[in-house]
Amino acid sequence: MKILSVNAGSSSLKFQMYEMPEETVLISGVFERIGIENSFYTIKVNGEQIKKEVQLPNHEVAVEYLTNELLENHIVDDLSEIKGIGHRLVHGGDKYADSVVLNEDVMKTVEELTPLAPLHNPANLVGVRAFQKIVPNAVAVAVFDTAFHQTMDKIAYLYSTPYEWYEKYGVRKYGFHGTSHKYIVNRIHEILGRNDIKVITCHIGNGGSISAIENGKCIDTSMGFTPNAGLIMGSRSGDIDATIIPYIMEKTGSTIQEIDNALNKKSGLLGISGISSDSRDIEAGIEAGNERAVLAQKMYVRRVINYIAQYYVELGGCDAIAFTAGVGENSISVRKKIIEGLSVLGIKLDEEANNVRGKEALITSADSSIPCYVVPTDEEVMIARDAYFFCK
Ligand code: AMP
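The structure reproduced in this document is the subject of the present report.

About the criteria used
- Residues numbered from 1 in each chain as written.
- Predicted model: local features only at pLDDT ≥ 70, side-chain atom pairs only at ≥ 80, totals over all residues.
- Heavy atoms only, no water.
- Near = heavy atom within 4 Å.
- Polar contact = N/O pair within 3.5 Å; in protein donor to acceptor, adjacent residues only side chain to side chain.
- Areas by Shrake-Rupley, 256 points an atom, 1.4 Å probe, with all protein chains shown as cover.
- Helix = DSSP H or I, 4+ residues; strand = E, 2+ residues; numbered from the N terminus.
- Pairing = 2+ DSSP bridges.
- Contact = heavy atoms within 4.5 Å.
- Axes fitted to C-alpha atoms, helices over the stretch in contact; angles between N-to-C directions.
- Parallel < 35°, antiparallel > 145°, perpendicular 65-115°, else oblique.
- Left-handed = near helix turned anticlockwise from the far one by under 90°.
- Nonpolar A, V, L, I, M, F, W, Y, C, P; charged D, E, K, R; others polar.
- Buried < 20%, exposed > 50% of the residue type's maximum accessible area, 1.4 Å probe, protein only.
- 1 Å grid on protein atoms, 1.4 Å probe; cavity = no way out; pocket = protein on both sides within 12 Å on 5 of 7 lines; lining within 4 Å.
- Points joined across faces, edges and corners; volume = space filled by probe spheres on them.
- Phe/Tyr/Trp six-rings, centres within 6.5 Å; stacked < 30°, edge-to-face > 60°.
- Lys NZ or Arg CZ within 6 Å of the ring centre and 35° of its normal.
- Salt bridge = Lys/Arg side-chain N within 4 Å of Asp/Glu carboxyl O.

1. Quick notes on the site of the ligand
Okay, step 1: For the ligand, the full set of nearby residues is G205, N206, D278, S279, R280, E283, A325, G326, V327, N330, S331 and R357.
Okay, step 2: At a separation of 2.9 Å, an oxygen atom of the ligand approaches a polar backbone atom of N206.
Okay, step 3: Within the contact set of the ligand, an oxygen atom lies 3.4 Å away from a backbone nitrogen or oxygen of V327.
Okay, step 4: Across the complex, the protein chains shield 72% of the 500 Å² of accessible surface that the ligand would expose by itself.
Okay, step 5: In terms of residue count, the dominant contributor to the shell around the ligand is helix α12 (residues 325–330) (four residues).

This is how it looks when you write it as structure tokens:
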């Protein structure tokens, strides 16, 4: 059965088409700069990567190119062969603890949740509508970033703010990257051959979050009301003292939008180093002796260690720790520093095993108190699996 996995952003649209249940990727690609000049798309098919520069005034046009590619490359002979389309939706609030068929009610709820994800939810819905028009018979399925974290209890998800902020305005921790955390913990269960275990999953990329998971259920996670909570990220601040905001507004006369922009786009590794939000540039800066790059990475690593330590205690122990996403999968030095910082817990790095990028590996020694793994994430296949579930 042909299933599409879709991730639509405000100016981009990523897709992978799978043959299910085999999970074979038939074609994948990304449309970029939708609605902006110089738009283009790249696709991977039959082991080849092709780039085409085309006008993409909106998502619908992108979906038309996409479906033409499916037909021209004989991935399908008729669009009716596409049985299901899984859409990544960022915010499902506290309404969805699992993926659901995307009917009008769900669309309405996602729209209502826009104030909680102003950049993401509307863009996700534009993608959904474009596919509805062009492939109307496929079952559309919503796969929420927040769903996996819905198992957290109130002690974990409430903020210590006036209770009515929660009741009236939905101010609470939601958590994000749920599809990735779920994929990683499932993989750890497979590797260890059991699921009655405590796992800490570290999704550290441009955005980053850490989850504490017991028996496959999320009990806590580092992102919060928005994806700008918890870890220090590429350009996001992560946790700060909230009172800094009115203080800086008063001092500089900045507007709320300017502060929001600074916390999301000018903070994190970029803000501290003054160089870049990309951890590769930070590593190059460290090599070149840049002190603020050194400081940025030390702060970044410290925050990850602190969350792992916190979740170790919250879980009452831990059976495995997993690293994923851009930094977690590829940065040998960041992983090394994190694991060395956890040595007090008896965790021991295997330097040779840690010399790995983008591949699944056990990176701690046999006598380590907790095994640590690199597990490349695959959110696309999770989205396809959930869509397939509703089409079987
Ligand atoms: P993601 O958001 O998961 O795509 O991760 C993107 C981030 O991964 C980039 O901003 C880089 O900071 C980081 N990254 C990717 N490759 C490497 C690498 N080889 N070494 C260090 N960091 C990397």
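2. What about the sheet that holds strand β13 (residues 361–362)?
One key point about sheets: their strands pair by backbone hydrogen bonds, in either a parallel or an antiparallel sense.
Okay, step 1: If you walk across this open sheet you meet the six strands as β11-β10-β9-β12-β14-β13, and the pairing is mixed. The open sheet has two edge strands, β11 (217–221) and β13, and neither has a second partner.

3. Brief notes about the sheet that holds strand β4 (residues 40–45)
Okay, step 1: Taking strand neighbours across the sheet as the criterion, the eight strands line up as β5-β4-β3-β2-β1-β6-β8-β7 in an open arrangement whose pairing is mixed. The two strands at the open ends of the sheet, each matched to only one other strand, are β5 (48–53) and β7 (100–101).
Okay, step 2: The sheet contact formed by strand β1 (residues 2–8) and strand β6 (residues 82–89) spans five bridges and is parallel. Bridge pairing links K2 to I82 in β6.
Okay, step 3: Taken strand by strand, helix α3 (residues 121–134) contacts β1, β2 (13–19) and β6, and its axis lies near 170° from that of β6.

4. Describing the packing of helix α2 (residues 104–112) against α3
Okay, step 1: Closest axis-to-axis distance for the α2/α3 pair is 10 Å, and the angle between their directions is 155°. Judged on the interaxial angle alone, α3 and α2 are roughly antiparallel. Of the two elements, α2 crosses α3, and the hand of that crossing is left-handed. Two secondary-structure elements touch here, α2 through E104, M107, V110 and E111 and α3 through N121, L125, V128, R129 and Q132.
Okay, step 2: Tallied by class, the residues present in the contact of α2 with α3 amount to four nonpolar, two polar and three charged.

5. A closer look at helix α14 (residues 379–389)
Okay, step 1: Among the 11 residues of α14, eight are classified as buried, and the element is accordingly described as predominantly covered.
Okay, step 2: Looking only at α14, the buried set comprises E379, V381, M382, I383, A384, D386, A387 and Y388.
Okay, step 3: Those residues of α14 hidden inside the fold are in contact with β1, β2, β6, β8 (139–144), α6 (178–192) and β9 (198–204).

6. Quick look at the layout of surface pockets
A water-sized probe, rolled over the atoms, reveals where empty space remains.
Okay, step 1: By volume, the second largest pocket is sized at about 240 Å³.
Okay, step 2: Around the second largest pocket, the lining comprises 16 residues; the ones closest to its centre are A97, D98, A147, F148 and K182.
Okay, step 3: Residue contributions to the lining of the second largest pocket peak at three residues, all from α6.
Okay, step 4: Here the residues of the lining of the second largest pocket sort into six nonpolar, six polar and four charged.

7. Looking at the packing of helix α10 (residues 279–287) against helix α11 (residues 291–315)
Okay, step 1: At their nearest, the axes of α10 and α11 sit 7 Å apart, and the two run at 130° to each other. When the axes of α10 and α11 are compared, the pair comes out oblique. The element α10 and its partner α11 pack so that their crossing is left-handed. Side by side, α10 and α11 meet where I282, E283, G285 and I286 of the first sit next to A293, V294 and Q297 of the second.

8. Points about the packing of aromatic side chains
Okay, step 1: Scanning the model with the defined rule gives nine aromatic pairs in all.
Okay, step 2: Taking the centre distance of 5.6 Å and the plane angle of 45° together, the rings of Y41 and Y65 count as tilted. Of the two residues, Y41 sits in strand β4 while Y65 sits in helix α1 (residues 59–72), which places them 24 residues apart along the sequence.
Okay, step 3: Its relative accessible area of 27% is what places Y65 among the partly exposed residues.
Okay, step 4: An aromatic cluster is built from F15, F31, Y41 and Y65, whose rings are joined through pairwise contacts.
Okay, step 5: Directly above the ring of F40 sits K51, whose terminal nitrogen or CZ lies 4.4 Å from the centroid.
Okay, step 6: Over the ring of Y157 we find R172; its NZ or CZ atom is 3.6 Å from the centre of that ring.

9. Examining the pattern of salt bridges
Note on pairing: side chains with opposite charge can pair once their charged atoms come close.
Okay, step 1: Considering all chains together, one arrives at 15 salt bridges under this definition.
Okay, step 2: Note that R194 and D196 form a salt bridge whose closest N and O atoms lie 2.9 Å from each other.
Okay, step 3: Residue R194 is classed as partly exposed on the basis of its relative accessible area of 44%.
Okay, step 4: The shortest N-O distance in the salt bridge between K336 and E351 comes to 2.8 Å. You can see K336 sitting in helix α13 (residues 332–341) and its partner E351 sitting in the loop between α13 and β13, a full 15 residues away along the chain.
Okay, step 5: We classify K336 as partly exposed; its relative accessible area is 25%.
Okay, step 6: Note on E351: relative accessible area 48%, which makes it partly exposed.

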